[in-house]
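Commentary on secondary and tertiary structure
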Amino acid sequence: MSAIVETPRFPISDKYRQSCQGELDVLRDALQRGLSGTSEVVEHYEADLAAWFDSQNAIAVSSGGAAISVALAAAGVGAGDEVALTPTSPLCTVYPVIAAGAVPVFVDTREHGFGMSLEDLSRVHNAKLKAIIDIPMWGYPTEVDELQACARERGYTLILDLAHAHGSTLHGKHLSHYGDISCFSTHERKPLATGEGGFLLSDRQDLADRARSYSRFGNLNGRDFGLNYKLAALPAALGQHRLRYLQEQIDARRRNAEFLLSRIHHPKVREKKQIDGGETNYYSLNLQLFFRNNRSFIDYLEVNGIPSDIKRYGCKCLYKFPAVAAYQRDCPNGDALLRGMTTIPVHPNVTEDELFYIASIVNDYNGD
Ligand SMILES: *Cc1c(COP(=O)(O)O)cnc(C)c1O
């Protein structure tokens, strides 16, 4: 073992939690104003989100899951319609599809990353397929430009689940730029954190209008159906404030990832490939593993206090979970991707000492 390794510093369970200067003042101020989802506080948050992401419309909602339900409703997805998605996403992405009465159709990823394979998408093309959801896991950009072209050609609505990907870009543009409608979570573990919360972005006015209406009970006009997915004013105030620090935090993640990667020398570990023109926000550093038994390596990291999302969430293709097994459609690329990787925390609260520690633990592994 290397000399600098002493006691494991991870997991420090609350370490990912953000706090930004001035938060209490902002919340105190918000308490003086309307607290509901129709408060001007929420409108101001939405305006700032639209500006930050360079989007025509932002609609705040109560969670990332709510954002997906709202996007599906806005896209007109209903009972019996099919929705294609990659099986490497979390259960959070597929449950809203099932709740909408639609049929999730699993389409494999690419070999090198979590983007949907166009080739496999062609195999499931049919008149019932209304929408496709692409999910850039852990913030690594996917080929959303190619999916956009394909969706336009075939008349699908392209929904992007960007719950991990605030600030990730492709060819210098936010990933949301390529989707018809994009969904974000601001759950406290996500790069922008309000506790619970989410939002949608869209440059398509028709989709944005329907999303806004649907998430606000159809504005109770008695004509347009909807449900209540509004975000309350207090988390909106927090989100608006924290948005000002988001770029700084992404820059810190990128510095941490670079620092770590320059110190990891294990021959069987390397960063997962980033696609040409893509820049990840490093929600989590993704390491590709080439051990005979990758799971043992992940267990070793955990024993040494370094957590992995793969272990935390038991990541496997969704159709392997009982609640989704009815929709099984084998996706060998996605399966191999999840078996062949781990995540490493590089959030802004990870210290330089901890990065040294992580690198030395990785480099010292001598299992096969
Ligand atoms: C977190 C997450 C969601 C769900 O977001 P909530 O705010 O927890 O409802 C959906 N999709 C992905 C990819 C997520 O990571």
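Scroll up to find the structure.
Think of each chain on its own: its residues are numbered from 1, step by step along the sequence as written. For a predicted model such as this one, the threshold for reporting local features is a pLDDT of at least 70, and the threshold for listing and counting side-chain atom pairs is 80 or more; totals across whole chains, interfaces and linings nevertheless cover every residue. As a rule here, side-chain values come from all non-hydrogen atoms in the structure, and water together with hydrogens is ignored.

Describing the side chain of Asp161
Worth spelling out the cut-off: A run of H or I in DSSP becomes a helix once it reaches four residues, and a run of E becomes a strand once it reaches two; helices and strands are each numbered from the N terminus. The buried label goes to any residue with under 20% of its type's maximum accessible area, the exposed label to any with over 50%, and the partly exposed label to all in between, with areas taken from a 1.4 Å probe on protein chains only. Positive charges come from Lys and Arg alone, negative charges from Asp and Glu alone, with His and the N- and C-terminal ends not counted. Throughout this description, the term salt bridge denotes a Lys or Arg side-chain nitrogen within 4 Å of a carboxyl oxygen of Asp or Glu. Distance and chemistry together define a polar contact, namely a pair of N or O atoms within 3.5 Å, with one atom able to donate a hydrogen and the other to accept it when in protein, and with adjacent residues in sequence counting only for side-chain atoms on both sides. Whether two residues are in contact is decided by their heavy atoms: any pair within 4.5 Å suffices.
Note that Asp161 resides in strand E5 (residues 157-161). Lys190 provides the closest opposite charge to the buried, unpaired Asp161, separated from it by 6.9 Å. Within polar-contact distance, the side chain of Asp161 engages the side chain of Thr93 at 2.8 Å. Residues in contact with Asp161, not counting those within four places in the same chain, are Ile68, Thr93, Ile133, Asp134, Ile135, Pro136 and Cys183.

A few points about the environment of Tyr282
Following the sequence through the fold, Tyr282 ends up in the loop between strand E11 (278-279) and strand E12 (285-289). Spatially, the C-alpha atom of Tyr282 lies 17 Å from that of Arg263, the residues being 19 residues apart in sequence. Residues contacting Tyr282, with those up to four places away along its chain left out, are Tyr140, Arg253, Arg254, Ala257, Leu261, Glu271, Gln274 and Val346. Side-chain polar atoms of Tyr282 contact the side chain of Glu271, separated by 2.7 Å.

Regarding the sheet that holds strand E7 (residues 173-174)
Where we set the bar: Here, a strand pair is defined by DSSP locating no fewer than two bridges between the strands.
Taking strand neighbours across the sheet as the criterion, the three strands line up as E7-E6-E11 in an open arrangement whose pairing is antiparallel. The open sheet has two edge strands with one neighbour each: E7 and E11. Pairing of strand E6 (residues 169-170) with E7, which is carried by two bridges, proceeds in the antiparallel orientation. Counted as the bridge partner of Leu170 is Lys173 from E7.

A short note on the packing of helix H1 (residues 23-31) against helix H8 (residues 233-261)
Put simply, the rule reads: Lines fitted to C-alpha atoms define the axes, with helix axes restricted to the stretch in contact, and inter-axis angles between N-to-C directions lie between 0 and 180 degrees. Should the near helix be turned anticlockwise from the far one by less than a right angle, the crossing is termed left-handed; should it be turned clockwise, right-handed. Gly counts as polar in this scheme, as do all residues outside two lists: the nonpolar Ala, Val, Leu, Ile, Met, Phe, Trp, Tyr, Cys and Pro, and the charged Asp, Glu, Lys and Arg.
At a minimum axis distance of 9 Å, the contact between H1 and H8 shows a crossing angle of 140 degrees. Here the hand of the crossing between H1 and H8 comes out right-handed. Each of Glu23, Val26, Leu27, Ala30 and Leu31 in H1 lies in contact with H8, whose residues at this interface are Leu234, Ala237, Leu238, His241 and Arg242. Grouping the amino acids of the contact of H1 with H8 by side-chain chemistry returns seven nonpolar, one polar and two charged.

Examining the sheet that holds strand E10 (residues 269-271)
Ordered in space as E10-E12-E13, the three strands form an open sheet in which the pairing is antiparallel. Only two strands of the sheet have a single partner each, and these edge strands are E10 and strand E13 (341-344). Across the sheet, the mean angle from the axis of one strand to that of its neighbour is 35 degrees, orientation sign disregarded. Running at roughly 30 degrees to E12, H8 makes contact with E10, E12 and E13 of the sheet. Where helix H9 (residues 294-303) meets the sheet, its contacts fall on E10, E12 and E13, and the angle it forms with E13 comes to roughly 20 degrees.

Remarks on the pairing of strand E9 (residues 198-202)
Among the five residues in E9, five count as buried, and that is most of the element. Along E9, one buried face is formed by Gly198, Leu200 and Ser202 and the opposite face, lined by Phe199 and Leu201, is buried too. In terms of strand pairing, strand E8 (residues 181-185) meets E9 through four bridges, oriented antiparallel. Bridging across to E9, Ser185 finds its partner in Gly198.

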